[in-house]
Amino acid sequence: MGWLSNLFQSIVFQTVMSGVLVFILSEITQRFYLEPLQKFKEVVGKIDNKLKFYANVIAHPGNLLPRETILESGRTLRDLSCGLEATYKQIPFKRNQTHQKIADAARRLIRLSNSLGESGRGIENSDDVDKIRVDLSILEL
């Protein structure tokens, strides 16, 4: 039993155990907080990209674009809305203000997706894009 007491008092054992503890805590932090946050930021980046990419379809819905382009952009925006909510729900320690902004942005992405085939919604769609950017804190470059 004396050898066990000596082991716990050994500086080498204490150093190794503190290193293992730091490693475990850093892995927990990375897996449960940093990775979900990184995935969320990636989705926000994709939303920014696709809002720019489909700006012609969003600002001029119902125009003479090919039907496939309108359907593709609608599916993409709908998929990004779902991805935004899914990745946000994986982040621990959320604030209620942020939750409402994410919900509003996801709802506006769905509304954009639904309105792309309708003519006369260009101003409303542009307003929705601006509000999405504000809600997601997307800076204009």
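What counts, and where the lines are drawn
Residues numbered from 1 in each chain as written. Predicted model: local features only at pLDDT ≥ 70, side-chain atom pairs only at ≥ 80, totals over all residues. Heavy atoms only, no water. Helix = DSSP H or I, 4+ residues; strand = E, 2+ residues; numbered from the N terminus. Rg over C-alpha atoms; globule rule 2.2 N^0.38 Å. Buried < 20%, exposed > 50% of the residue type's maximum accessible area, 1.4 Å probe, protein only. Contact = heavy atoms within 4.5 Å. Areas by Shrake-Rupley, 256 points an atom, 1.4 Å probe, with all protein chains shown as cover. 1 Å grid on protein atoms, 1.4 Å probe; cavity = no way out; pocket = protein on both sides within 12 Å on 5 of 7 lines; lining within 4 Å. Points joined across faces, edges and corners; volume = space filled by probe spheres on them. Nonpolar A, V, L, I, M, F, W, Y, C, P; charged D, E, K, R; others polar. Core = buried A, V, L, I, M, F, W, Y, C linked by side-chain atoms within 4.5 Å. Salt bridge = Lys/Arg side-chain N within 4 Å of Asp/Glu carboxyl O.

A closer look at the overall build of the protein chain
Looking only at helices and strands, one finds six helices and zero strands in the protein chain. Overall, the protein chain shows an N-to-C arrangement of helices and strands of α-α-α-α-α-α. A globule of 141 residues ought to have a C-alpha radius of gyration of about 14 Å, yet the protein chain, at 24 Å, is considerably larger. Along the three orthogonal principal directions, the C-alpha set of the protein chain runs to about 85 × 30 × 25 Å. The burial tally for the protein chain puts 30% of its 141 residues in the buried class. Excluding contacts between residues fewer than 6 apart, the proportion of contacts in the protein chain whose partners are at least 24 apart in sequence is 70%. Surface summary for the protein chain: the accessible area is close to 9600 Å², and the carbon and sulfur share equals 60%.

With respect to the layout of surface pockets
Of the pockets and cavities examined, the largest pocket occupies roughly 410 Å³. As for the largest pocket, its lining consists of 17 residues, and the residues nearest its centre are Phe40, Lys41, Tyr88, Arg95 and Thr98. Those elements that provide at least two residues to the lining of the largest pocket are helix 2 (11-53) and helix 5 (96-115). At five residues, helix 2 tops the list of elements feeding residues into the lining of the largest pocket. In terms of residue class, the lining of the largest pocket is made up of nine nonpolar, three polar and five charged.

Looking at the nonpolar core
One recurring pattern in soluble globular proteins is that nonpolar side chains are buried together. Grouped together as the largest cluster of nonpolar side chains are 24 residues, with contacts concentrated most on Ile47, Leu51, Ile58, Leu84, Ile132 and Leu136. For this core, the secondary-structure elements that each account for two or more residues are helix 2, helix 3 (55-59), helix 4 (67-89), helix 5 and helix 6 (122-135). Those residues in contact with Ile132, other than ones at most four positions away along the chain, are Ile47, Leu51, Ala105, Arg108, Leu109 and Leu112.

With respect to the pattern of salt bridges
For the structure shown, the criterion picks out eight salt bridges. Among the salt bridges present, the one from Arg107 reaches Asp104, with a minimum N-O distance of 2.3 Å. Of this pair, Arg107 and Asp104 both sit in helix 5, three residues apart, which is roughly one turn of that helix. Its salt-bridge partner being Asp128, residue Arg111 comes within 3.0 Å of it at the nearest N-O pair.

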